[in-house]
Structures are given as C-alpha cells and as structure tokens.
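Below, each chain spelled out in residue letters.
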Amino acid sequence: MSDRDLGVTPPISTALPTEDEKRLSELLLRELRAQGTYESPAETNKREVVLKSLERITDEFVKRAAMEKEPKNTVLIRDARGRVFTYGSYRLGVYGPGSDIDTLVVAPRYVTVQQYFDIFPKLLLEMAPPGSITDLTTVPEAFVPIIKFEYSGISIDLIFCSIQGKKQLDDDPHWNLQDNSLLRGLSENEVRSLNGTRVTDEIINLVPEVATFRVALRAIKLWAQRKAIYANIMGYPGGVAWAMLVARVCQLYPKAASALVVNKFFNIMLKWPWPLPVLLKDIEYGHSVTRVPVWNPKIYPSDRNHKMPIITPAYPSMCSTHNIGQSSMTVIQQELANGVKITEEIMVGKRPWKDLFTKHTFFTSDFKYYLTVVSSGRTRESQNSWAGFVESKVRILVGKLELHPSIALARPFNKGYERVHRCKNQTEIEEVQAGSLAYQVKPGAGPLNAKVEAKPEVKSETTTTENGAGPHVKSDPIDTEPNLQNIAVAENGQVVIRAEPPPPAEEEQEVEIFTTNHYIGLQLVQKAKSLDLSREVNDFKAMLTANESAYDRHMNFLTVQHVKSWELPDDVFEPGEEKPKKAVKRKRPENGSVAATNRD
C-alpha cells in the first residue's frame with residue numbers, strides 16, 4: 001500500500017481492509033469477470049499488435065510529411081519520427097471486450113493537420129494487412145479532428161497533434177507528454193488532443209493503489225453503462241469523469257479494498273455538495289505556455305453554470321462534465337441513491353453484487369412519451385459523418401425541452417440506434433426519412449440487389465378447390481403461335497421454329513438508406529394538458545441543417561418524431577424484456593355491460 005497523501009483534503013480513513021471487505025472484494029472481482037468486463041489474453045495481445053502497427057504507420061506518415069515539406073533535406077527525412085500514445089480506458093487499464101482504443105498521433109511541428117487527413121488514411125490502407133481496415137471515416141471538421149476506423153475488428157479513434165516546440169521528436173522510448181512546455185503555441189483543440197493522454201497519466205499518478213482503483217472503476221463503469229448514464233456527448237459523465245470520481249474516493253480511503261471503495265463511492269457522490277468541484281489536486285494557475293483558459297468560476301460565467309463540475313488534473317484544468325444538464329443530473333442522483341441502498345445491503349451480506357448491475361428500464365417502464373431524432377443518409381459514409389454531428393447536438397435539444405413549462409424531465413438515451421433500410425422508389429425513401437421502419441433490413445438479409453439465377457417456371461395462379469381442401473395450381477396455356485421472324489429452314493428442307501426467349505423483366509433497383517435514431521424520454525408535469533414542441537423542434541432542425549460543412553441536402557435528412565411507449569420499435573428491447581402495451585380503459589355502455597376501449 002502507498003503511504004502518499006493525495007488529494008486536496010486529508011483522507012477520511014486510513015484503516016486497513018477487514019476480512020469481510022477482502023472477501024466482498026473477491027466476490028466483486030468474480031462478478032465482474034462473470035459479467036464479461038475482462039477480455040481474453042489473446043484479445044489483449046491483438047490490441048498490442050495493432051498498436052505496434054500504428055506506430056510503424058505513424059513513423060512512415062511523418063517521413064512522408066517531411067518529404068513533402070523539404071524534399072531535399074535528407075537529415076530531416078532521416079530523423080523524422082512520430083509517436084503514438086493511448087488515453088482513456090485502455091491507458092487506464094480498464095478496457096474490456098469490444099472496447100475501443102483512444103489513440104493520439106504526435107508529430108513534429110512541420111507536420112500539418114491537412115497532411116494528417118491527406119496522408120494517414122491512405123497509409124492505413126497501404127500498410128495494414130489487406131482487409132483489416134474497415135469503416136474508415138475522417139472527421140476533419142470536428143472540434144478535435146479525428147479519424148475513426150476498425151483495425152482487425154478493434155475500434156480506433158485516432159486524433160492528432162503536432163508539437164510546435166519540437167522540430168523532431170525525442171527517440172527516448174520513455175519520453176512522455178507531462179512537460180507543460182509542450183503546450184506552448186498550441187491552439188485549444190490541439191491542447192485538448194494532447195491532454196487526453198496527460199489527464200489519463202495524472203489520474204493514475206494520483207491514486208494511492210492502482211490495482212484497487214482499477215477494480216472499483218470497472219464496477220462503476222459497468223454500473224453506469226447498465227443504467228444508461230455513461231456518455232459525455234449525450235450529457236452524462238464519460239469514462240474519464242467516472243474515473244476521476246472513483247479516484248477521488250480512493251484518495252479519501254487510500255487503504256480500502258475495492259468493495260468498500262465502491263460502497264463509499266455511492267455514499268459520497270450522492271451527498272456531494274454540487275456545484276462544489278471534484279478535484280484530484282489543486283488547480284494550477286499562472287502558467288503562460290498556452291492561452292487556453294483554466295477552469296475558474298470566479299472569472300468565467302460559463303464555468304459558474306456547470307452543475308456537476310469534475311475537473312481534470314492536468315494543466316490547463318477543464319471541466320469534463322460541462323454537458324450535464326438538469327435532467328441528466330436528476331437521473332444520475334436517482335441512480336446514485338439506488339446504488340447506496342443496494343451496496344449497503346451487499347456490504348452486510350444481504351444481496352449479491354449482480355444486483356448492482358441490473359439493466360436500466362428506459363424503454364420498458366420509465367416513460368410514456370418519447371421524442372426520436374432521426375438522422376439519415378443516402379450512403380454509409382455520408383451518414384457516419386452526419387449522424388455524428390447530430391449526436392453531438394442532441395443535448396442542445398434536451399436543454400430546450402427542459403425549459404418547456406409542460407416538461408418535468410427530458411432524459412436522452414445514452415446511445416443511438418443505427419439501422420439500414422432498402423427502398424425501391426422515392427416514396428419509400430421519404431417514408432424512411434420521416435421515421436418509417438417498414439423497409440428496415442432484417443438480420444441475415446442478402447447483399448443489395450443480389451442477382452438470383454432465373455429458373456424456368458410455369459406461370460400459375462392459385463385458386464381454391466371445390467372441397468376447400470387446399471390450393472389448386474392452374475397453368476396458363478402455352479402460346480404456340482410462332483413469331484415469323486423466328487421461322488427458319490433447316491438443311492433437310494424442313495421448316496423449324498426457333499424458340500424465342502422471353503423479354504428480360506425489368507428489375508427494380510433497391511437503394512439503401514442509413515438512419516440513426518436517438519431517443520429522449522419525456523416526463524410531463526402534473527396536470528399537463530397539452531404539449532406543443534414545434535418551436536423547439538424547428539429551431540433545432542434549422543440550427544443543424546444550417547451547418548453547410550456537416551449537412552448536405554442531397555445526401556442527408558433530419559426529422560424529429562413523437563413516439564408513445566407502445567409504439568417503440570422492437571429492436572430497442574432485449575430478449576426477455578416486455579414491450580409496453582397500450583393501456584385499456586374500461587367504460588360502461590348505456591345498456592349497463594362493461595366494454596373495453598383503447599386509451600391514447
């Protein structure tokens with residue numbers, strides 16, 4: 001155990017774990033493994049192989065950028081090298097099956113963002129094993145420009161930063177990004193790119209016992225994901241924010257076992273006096289290496305509006321939870337209260353750990369009314385970009401809904417549902433763009449416009465036999481009247497008739513439409529009699545479609561629909577979950593008997 005005093009306040013307790021707490025920690029670890037939060041050694045090894053490949057590609061990328069910059073400078077080209085750093089769950093050591101790898105490419109100052117987007121995607125396809133790179137998407141217009149792709153089935157989010165103070169990067173394998181002077185001359189988005197790794201490293205350095213922290217964080221991540229309160233872009237804490245909360249509890253109980261850390265997490269965070277910020281160390285002020293502002297509610301009015309500020313420890317400190325709104329905060333506190341009740345009973349042996357990780361009831365019982373934001377695109381590539389932009393703005397619509405006098409709570413679901421549809425004409429396309437699922441491609445469907453070998457068949461129609469026993473196949477008479485153009489004379493002088501193939505039937509060409517649906521659950525105030533959201537919805541649509549860099553009117557579409565719980569599509573429910581049914585209201589007819597009628 002570490003004897004370091006960490007954090008901005010002294011520990012609450014430095015007591016060693018009891019035997020019961022050790023036993024509960026073992027049970028917690030066993031449950032986390034049973035829940036599938038740990039991946040196999042083979043999968044971990046595959047991640048390492050992918051990262052080694054990205055390092056080689058990054059070196060080649062920087063060399064080619066150097067050749068473009070100064071083609072005759074052989075020394076510059078010879079010494080050109082880049083570096084690959086990870087951040088997020090992989091660097092924290094809490095990744096699991098299917099987790100992506102958040103990755104940063106660092107280059108010398110002569111390499112530009114434009115070169116990154118021009119050269120790097122081509123190198124990925126050129127240097128990676130054939131077929132290993134899929135779903136390659138570049139998003140240069142994002143605030144932090146990013147390249148997204150899958151490498152051998154592993155999802156990679158790749159961002160970029162060139163260090164303005166470095167003509168060449170150090171070849172020391174232990175070189176890192178912790179030196180604040182590396183931020184000199186960087187723009188805000190470049191500082192954010194670099195700080196992903198810097199923040200992750202600081203978190204690890206600021207916890208007293210890394211192994212305990214990792215087990216506790218795995219538990220809290222799983223709990224937050226199961227409760228659908230895990231996604232920064234949708235207005236909930238993201239992975240780094242949850243990590244900082246767990247790290248703070250570890251600082252307050254530096255020698256506690258992981259089971260107690262989880263229990264204390266719920267108790268402390270439920271009672272936390274927001275908007276008092278959660279800090280892992282004192283905020284650093286006074287550095288002059290960057291103009292990016294440090295979080296300071298005394299100076300910046302926007303910082304005073306943060307409802308649940310969780311502040312990053314690396315300079316310049318920022319609020320990782322600025323997206324959290326009133327509804328999200330309410331939902332988080334409700335789940336924290338439930339977590340307190342469950343873990344208190346777990347700690348005294350009355351409940352198992354699996355009870356903490358039960359799934360949310362967002363679709364099954366939480367709401368009667370929903371809004372669904374439907375973004376669509378005519379190609380997968382255009383939809384990937386458009387849907388990402390729309391997703392980043394859904395929380396703005398939620399903020400508008402929270403101000404509506406008839407809405408008590410507007411809760412966004414923490415992920416979107418991607419669907420593919422096949423349409424035969426413009427009418428069907430417009431139906432899909434308006435939210436219809438009538439043409440959705442079902443699992444196992446064949447490829448688009450698959451060619452099927454035509455087989456000769458007798459044209460028939462089905463009728464019913466006199467005794468009603470079953471269908472009767474009635475063949476059409478064969479037309480034996482020859483076409484004069486098909487008459488020919490054989491060598492023996494006999495007249496023969498060449499068979500005329502039937503004219504090819506015109507095939508209806510299907511087109512694929514790609515959609516992403518985001519759902520917002522609405523809880524109305526008591527005695528709400530009407531709900532007109534036309535202004536909020538129209539303002540939201542106008543704001544998004546006005547962005548010419550993200551929206552292409554020939555390729556993209558956006559609609560917002562009202563959906564009742566019993567109208568939700570089947571694919572938002574998992575096996576074993578019961579879809580809500582329309583309530584039935586009974587009324588007494590004039591004759592005195594009881595009849596049932598549907599109630600809206």
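The structure contained in this document is the topic of the report that follows. In this text, all values refer to a predicted model and were calculated from it rather than measured experimentally.

### As for the nonpolar core
Move 1: Of all hydrophobic cores here, the largest spans 97 residues; its most connected members are Phe213, Trp223, Trp242, Phe265, Phe363 and Ile520.
Move 2: Of the residues forming this core, the biggest block, 10 residues, is contributed by helix α8 (residues 239-252).
Move 3: Not counting residues up to four positions away in its chain, the partners in contact with phenylalanine 265 are Ile220, Trp223, Trp242, Leu245, Val246, Val249 and Leu336.
Move 4: Ranked by size, the runner-up nonpolar core spans 33 residues in total, among them Leu54, Leu76, Phe120 and Phe160.

### Brief notes about the pattern of salt bridges
Move 1: Going through the model one piece at a time under the given rule, you end up with 20 salt bridges.
Move 2: Between glutamate 202 and lysine 281 there is a salt bridge whose closest N-O contact spans 2.8 Å. Here the residue glutamate 202 occupies a position in helix α6 (residues 188-205), and lysine 281 occupies one in the loop between α9 (258-270) and α10 (301-304), the gap between them amounting to 79 residues.
Move 3: For glutamate 202, a relative accessible area of 13% gives the class buried.
Move 4: According to the relative accessible area criterion, lysine 281 is partly exposed, its value standing at 21%.
Move 5: Here arginine 422 and glutamate 512 are joined by a salt bridge, their closest N and O atoms 3.2 Å apart. Residue arginine 422 is found in strand β8 (residues 417-423), and its partner glutamate 512 is found in strand β13 (residues 511-524); the two are separated by 90 residues along the sequence.

### Thoughts on unusual backbone geometry
Move 1: Backbone torsion omega between tryptophan 274 and proline 275 reads 10°, so that peptide bond is classified as cis.
Move 2: Positionally, proline 275 belongs in the loop between α9 and α10.
Move 3: The linkage connecting tyrosine 315 with the following residue, proline 316, adopts the cis geometry, with an omega of -10°.
Move 4: Although it is not a glycine, aspartate 135 adopts a positive phi angle of roughly 50°.
Move 5: As for its placement among the helices and strands, aspartate 135 is situated in strand β3 (residues 133-139).
Move 6: A positive phi angle is found at alanine 228, which is not glycine, with a value near 60°.
Move 7: With respect to the secondary-structure elements, alanine 228 resides in the loop between α7 (210-226) and α8.
Move 8: Alanine 228 gets classed as buried once you look at its relative accessible area, which sits at 1%.

Conventions and cut-offs
- Residues numbered from 1 in each chain as written.
- Predicted model: local features only at pLDDT ≥ 70, side-chain atom pairs only at ≥ 80, totals over all residues.
- Heavy atoms only, no water.
- Core = buried A, V, L, I, M, F, W, Y, C linked by side-chain atoms within 4.5 Å.
- Buried < 20%, exposed > 50% of the residue type's maximum accessible area, 1.4 Å probe, protein only.
- Helix = DSSP H or I, 4+ residues; strand = E, 2+ residues; numbered from the N terminus.
- Contact = heavy atoms within 4.5 Å.
- Salt bridge = Lys/Arg side-chain N within 4 Å of Asp/Glu carboxyl O.

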